Amino acid sequence: MAARRAVALVALLALAAAAPARASNDEGDALYALRQRLKDPNGVLQSWDPTLVNPCTWFHVTCNQASRVERLDLGNSNISGSLGPELGRLVNLKYLELYRNNFDGEIPKELGKLKNLISLDLYANKLTGSIPKSLSKLSSLRFMRLNNNKLTGSIPRELAKLSNLKVIDLSNNDLCGTIPVDGPFSTFPLRSANTALLFSFENNSRLNGPELQGLVAYDSGC
Ligand SMILES: *[C@@H]1O[C@H](CO)[C@@H](O)[C@H](O)[C@H]1NC(C)=O
Ligand SMILES: *[C@@H]1O[C@H](CO)[C@@H](O)[C@H](O)[C@H]1NC(C)=O
């Protein structure tokens with residue numbers, strides 16, 4: 001029995017030794033897949049070398065002590081192209097800072113997998129489509145800035161589930177429908193001052209005021 005186990009162990013070790021030198025790093029692969037789709041005229045992503053053991057030494061990428069990606073800081077980088085589903089694989093991400101670029105296309109619904117995300121800053125880009133309902137799964141989220149894009153559709157009612165939300169800025173888009181009133185959107189007077197939500201819905205010409213209390217919310221018709 002023991003001998004057979006030893007043989008199995010040796011076989012396993014031999015298999016491991018035969019594996020390629022660079023163990024695949026899923027977060028590095030995800031970031032590199034993103035890079036492949038982007039235009040980067042200022043060479044901001046030049047240090048993103050997929051042959052390194054992990055992406056922790058790449059510029060604009062910050063890892064935690066376990067070498068998992070915690071921040072992506074690409075604000076003001078003149079990058080264009082679309083965001084992709086692979087961003088949803090950065091499950092340890094806390095800060096996604098992609099503001100003031102030329103990103104276009106839709107906000108990937110896979111961002112809803114980023115359970116640790118604290119800050120989602122996609123403002124001042126050219127993003128189109130609607131705000132994914134899946135963002136309501138970002139239970140750690142405190143800052144959501146999607147302002148100054150070309151987003152359409154209504155504000156998903158599900159966002160009211162984001163109980164940690166402190167700031168939401170959806171201004172300067174083309175949203176329609178009504179503004180949710182429950183959850184963090186509530187202005188219930190018993191809320192303590194430090195959980196007051198700062199929000200902005202300015203300049204969405206088709207967006208109406210807060211929905212009336214007691215009315216069943218509906219998203220249709222916009
Ligand atoms: C941004 O990139 C474009 C080319 O896509 C270039 O013409 C422009 O000068 C760049 N802007 C800055 C501020 O680097
Ligand atoms: C309103 O938002 C649109 C779309 O983002 C933008 O083009 C326009 O400049 C904004 N208007 C004002 C007055 O800020």
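Bear in mind the structure is a predicted one, so any value in this text is a computation, not a measurement.

Account for the overall build of the protein chain, with residues named and values stated.
Looking only at helices and strands, the protein chain has two helices and 12 strands in total. Listed by position from the N terminus, the elements making up the protein chain come as α-α-β-β-β-β-β-β-β-β-β-β-β-β. A buried classification covers 42% of the 222 residues belonging to the protein chain. Surface summary for the protein chain: the accessible area is close to 11,900 Å², and the carbon and sulfur share equals 55%.

Summarise the sheet that holds strand 8 (residues 143-145); cite the residues concerned and give the values.
Across the sheet, seven strands lie side by side as 1-2-4-6-8-9-11; this open sheet has mixed pairing. Among the strands making up the open sheet, the edge pair consists of strand 1 (61-63) and strand 11 (198-200). Neighbour-to-neighbour, the strand axes of the sheet open up by a mean angle of 10°, direction not taken into account. In terms of strand pairing, strand 8 meets strand 9 (residues 167-169) through three bridges, oriented parallel. Note that in strand 9 the partner of M144 across the bridge is I168.

Mind laying out the nonpolar core, listing which residues take part and the relevant values?
Across soluble globular proteins, nonpolar side chains have a tendency to be buried as a group. Grouped together as the largest cluster of nonpolar side chains are 47 residues, with contacts concentrated most on L72, L120 and M144. Secondary-structure elements contributing two or more residues to this core are helix 2 (26-37), strand 1 and strand 2 (69-73). At three residues, helix 2 tops the list of elements feeding residues into this core. Excluding residues that lie within four positions of it along the chain, L120 makes contacts with L96, L111, L135, L138, L141, F143, M144, R145 and L146.

Could you give an account of the site of ligand 1, naming the residues involved and the relevant values?
The local shell around ligand 1 consists of P41, N42 and N78. A distance of 3.0 Å is found between an oxygen atom of ligand 1 and a side-chain nitrogen or oxygen belonging to N42. N78 is positioned with one of its side-chain polar atoms (N or O) 2.3 Å from an oxygen atom of ligand 1.

Give me the lowdown on the sheet that holds strand 7 (residues 126-128), citing residues and values where you can.
The three strands lie next to each other as 3-5-7, forming an open sheet whose pairing is parallel. Strands at the two margins of the open sheet, each flanked by one partner only, are strand 3 (80-82) and strand 7. Here the strands of the sheet are splayed against their neighbours by 10° on average, with no regard to which way each runs.

Tell me about the site of ligand 2, and name the residues and values.
For ligand 2, the full set of nearby residues is N149, N172 and N203. Contact distances for ligand 2 include 3.3 Å between an oxygen atom and a backbone N or O atom of N149. Contact distances for ligand 2 include 2.4 Å between an oxygen atom and a side-chain N or O atom of N203. Contact with the protein chains covers 34% of the free accessible surface of ligand 2, which is 360 Å².

Outline the pattern of salt bridges, supporting the account with residue identities and numerical values.
Tallying each qualifying case throughout the model produces eight salt bridges. In this structure, the salt-bridge partner of R68 is E27, at a minimum N-O distance of 3.2 Å. Residue R68 is located in the loop between strand 1 and strand 2, and its partner E27 is located in helix 2; the two are separated by 41 residues in the primary sequence.

Lay out a positive patch on the surface in plain terms, naming residues and giving numbers.
Together, K113, K115, K137 and K161 give the surface a local cluster of positive charge. Its location among the elements puts K115 in the loop between strand 5 (102-106) and strand 6 (119-121).

Can you lay out the packing of aromatic side chains for me, pointing to particular residues and giving the numbers?
Tallied over the full model, the rule gives two aromatic pairs. Ring centres 5.3 Å apart and planes at 25° place the aromatic pair W48 and W58 in the stacked group. Of this pair, W48 sits in the loop between helix 2 and strand 1 while W58 sits in the loop between helix 2 and strand 1, placing them 10 residues apart in sequence. Judged by its relative accessible area of 3%, W58 is buried. On the numbers, 5.0 Å between centres and 10° between planes, the contact of Y99 with Y123 is stacked. Of this pair, Y99 sits in the loop between strand 4 (95-97) and strand 5 while Y123 sits in the loop between strand 6 and strand 7, and the two are 24 residues apart along the sequence. For Y123, a relative accessible area of 16% corresponds to the buried category. The cationic tip of R71 hangs over the ring face of Y95; the distance from NZ or CZ to the ring centre is 4.3 Å.

Here is what the cut-offs are and how they apply
- Residues numbered from 1 in each chain as written.
- Chains lettered and ligands numbered in written order.
- Predicted model: local features only at pLDDT ≥ 70, side-chain atom pairs only at ≥ 80, totals over all residues.
- Heavy atoms only, no water.
- Helix = DSSP H or I, 4+ residues; strand = E, 2+ residues; numbered from the N terminus.
- Buried < 20%, exposed > 50% of the residue type's maximum accessible area, 1.4 Å probe, protein only.
- Areas by Shrake-Rupley, 256 points an atom, 1.4 Å probe, with all protein chains shown as cover.
- Pairing = 2+ DSSP bridges.
- Axes fitted to C-alpha atoms, helices over the stretch in contact; angles between N-to-C directions.
- Core = buried A, V, L, I, M, F, W, Y, C linked by side-chain atoms within 4.5 Å.
- Contact = heavy atoms within 4.5 Å.
- Near = heavy atom within 4 Å.
- Polar contact = N/O pair within 3.5 Å; in protein donor to acceptor, adjacent residues only side chain to side chain.
- Salt bridge = Lys/Arg side-chain N within 4 Å of Asp/Glu carboxyl O.
- Patch = residues over 30% accessible without salt bridge, like charges linked within 9 Å, V, L, I, M, F, W, Y side chains within 5 Å.
- Lys, Arg positive; Asp, Glu negative; His and termini not counted.
- Charge placed at Lys NZ, Arg CZ, Asp CG, Glu CD.
- Phe/Tyr/Trp six-rings, centres within 6.5 Å; stacked < 30°, edge-to-face > 60°.
- Lys NZ or Arg CZ within 6 Å of the ring centre and 35° of its normal.

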